[in-house]
Amino acid sequence: MPRNKKNNNFWQKIRFKYKLILLNENTLEDIFSLRISQLTAFLAGFLLIGAGVFFVVLLILLTPLRNYLPGYLNSELRTELVGTRMRLDSLTEQNLRRTIYLENIRSILKGEVKNDSIIPMDSLIIIPADSLPLRSERELQYVNRFEEDEKYNLTILAPTPPAEGVIFYSPVKGVVVERFDATRDIFGVELLCAKNAAVATPLEGTVIFIGYTIHDGYVMQIQHNDGYISIFKNLSTPMRKENHKVEAGTLIGLMAKDSQKQPRLHYELWYKGVALDPMVYINF
């Protein structure tokens with residue numbers, strides 16, 4: 001059979017109209033009749049499904065249901081949740097202190113505690129030393145030997161970073177607006193950068209921490225070789241997860257996408273517990 005004839009038969013078949021009739025069984029009277037083809041039924045079903053999907057999408061986007069979608073929680077609501085959690089922790093601690101304070105007053109009024117033996121309220125939260133388990137003889141020997149070995153060890157006071165042969169990449173393209181100053185507890189530099197700017201790691205390493213705070217946004221720490229640690233603050237979107245290994249110059253996150261003021265990246269460089277001036281090692 002020719003191909004054109006098959007196509008004509010196919011179109012004639014799906015466009016052939018059928019009549020659907022509802023009859024009254026007692027009077028054989030037509031109650032409802034409908035003439036419809038397979039093509040019309042398919043198009044009607046497709047439009048009905050499309051309308052249903054469109055209605056569901058509008059329902060999710062225009063109602064609070066969107067907050068239940070994974071990853072949709074916006075930064076403002078996340079900040080509010082973190083702030084609420086911190087206030088709850090503060091209220092819990094304040095309630096504990098008030099309970100201990102009232103318990104002290106009750107004991108004093110009942111005469112259970114002498115006036116000259118009242119313990120400060122904060123010390124009641126600390127576990128008494130006599131309730132801790134006693135050290136074993138082997139543990140005491142180890143502590144004494146460690147203290148004796150480290151008594152004259154001066155290397156921990158001023159470690160010398162192995163900078164020879166180490167090439168640091170700039171974490172972001174920007175302008176330094178705040179310099180390192182340990183005397184003012186500023187242990188890094190702040191870089192004024194473009195919105196949605198890409199942030200990269202200066203050295204090869206492993207992501208050891210990712211967290212979120214109200215003031216610093218997303219915070220990421222990367223452990224490099226030879227004892228270096230990089231700390232990035234004010235990230236808007238982290239692109240790596242904990243325990244991920246990254247190469248030098250690899251993208252690890254983005255800065256703020258939409259903000260009223262210019263985004264700033266806070267970057268710190270540490271070596272064996274000592275903060276270093278990043279401008280000595282990196283050409284920003």
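Up top you'll find the structure we're talking about.
Let me begin by describing the structure that accompanies this report. Only a predicted model underlies this, so the values are computations on that prediction, with no experimental measurement involved. (Residues numbered from 1 in each chain as written. Predicted model: local features only at pLDDT ≥ 70, side-chain atom pairs only at ≥ 80, totals over all residues. Heavy atoms only, no water.)

### Overview of the sheet that holds strand 11 (residues 251-254)
- Taken together, the three strands give an open sheet; going across it, the order is 5-11-9, and neighbouring strands pair in antiparallel fashion. The outermost strands of the open sheet, each flanked by one partner alone, are strand 5 (198-200) and strand 9 (237-238). (Pairing = 2+ DSSP bridges. Helix = DSSP H or I, 4+ residues; strand = E, 2+ residues; numbered from the N terminus.)

### Topic: unusual backbone geometry
- The backbone of N234 sits at a positive phi, close to 70 degrees, despite the residue not being glycine.
- Mapped onto the fold, N234 is located in strand 8 (residues 228-235).
- For N234, a relative accessible area of 23% translates into the label partly exposed.
- For K272, which is not glycine, the phi dihedral falls at a positive 55 degrees.
- Tracing the backbone shows K272 in the loop between strand 12 (264-271) and strand 13 (274-276). (Buried < 20%, exposed > 50% of the residue type's maximum accessible area, 1.4 Å probe, protein only.)

### Focus on the pattern of salt bridges
- Considering all chains together, one arrives at six salt bridges under this definition.
- Linking E103 and R106 is a salt bridge whose minimum nitrogen-to-oxygen distance equals 2.4 Å. Residue E103 and its partner R106 are both found in helix 3 (residues 75-110); the two are separated by three residues, about one turn of the helix. (Salt bridge = Lys/Arg side-chain N within 4 Å of Asp/Glu carboxyl O.)

### Overview of the pairing of strand 2 (residues 30-37)
- Pairing between strand 1 (residues 17-23) and strand 2: seven bridges, direction antiparallel. For K19, the partnering residue across the bridge sits in strand 2 and is R35.
- Here strand 1 folds back onto strand 2, and the loop between the two strands holds six residues, one of which, L28, carries a positive phi near 55 degrees.

### A word on the environment of D226
- Tracing the chain through its elements places D226 in the loop between strand 7 (217-224) and strand 8.
- Once you skip the residues sitting within four places of it in the chain, D226 turns out to touch P162, V166 and Y271. (Contact = heavy atoms within 4.5 Å.)

### A word on the nonpolar core
- Judged by nonpolar contacts, the single largest core of 24 residues is most densely connected at V199, F232, L235 and L265.
- By residue number, the principal contributor to this core is strand 12, which donates four residues.
- Excluding its chain neighbours within four sequence positions, the residues that come into contact with V199 are P171, V172, F232, L235, T250, L251, I252, G253, M255 and L265. (Core = buried A, V, L, I, M, F, W, Y, C linked by side-chain atoms within 4.5 Å.)

### Some words on the packing of aromatic side chains
- A complete count under the given rule lists six aromatic pairs for this structure.
- Their ring planes at 45 degrees and their centres at 5.7 Å tell us that F187 and W270 sit as a pair that is tilted. In this pair, F187 is assigned in the loop between strand 3 (174-178) and strand 4 (189-193) and W270 in strand 12, connecting sequence segments 83 residues apart.
- With relative accessibility at 22%, the residue W270 sits in the partly exposed group.
- Pairing Y212 with Y218 gives two aromatic rings, centres 5.0 Å apart and planes at 65 degrees, and the pair type is edge-to-face. (Phe/Tyr/Trp six-rings, centres within 6.5 Å; stacked < 30°, edge-to-face > 60°.)

### With respect to the pairing of strand 7
- By the criterion of burial, strand 7 is predominantly enclosed, with six of the eight residues buried.
- The sheet contact formed by strand 6 (residues 205-213) and strand 7 spans eight bridges and is antiparallel. Bridging from a neighbouring strand, F209 pairs with Q221 of strand 7.
- Inspection of the sheet shows strand 7 paired to strand 8 by five bridges, in the antiparallel sense. Among the inter-strand pairings, M220 is bridged to a residue of strand 8, identified as F232.

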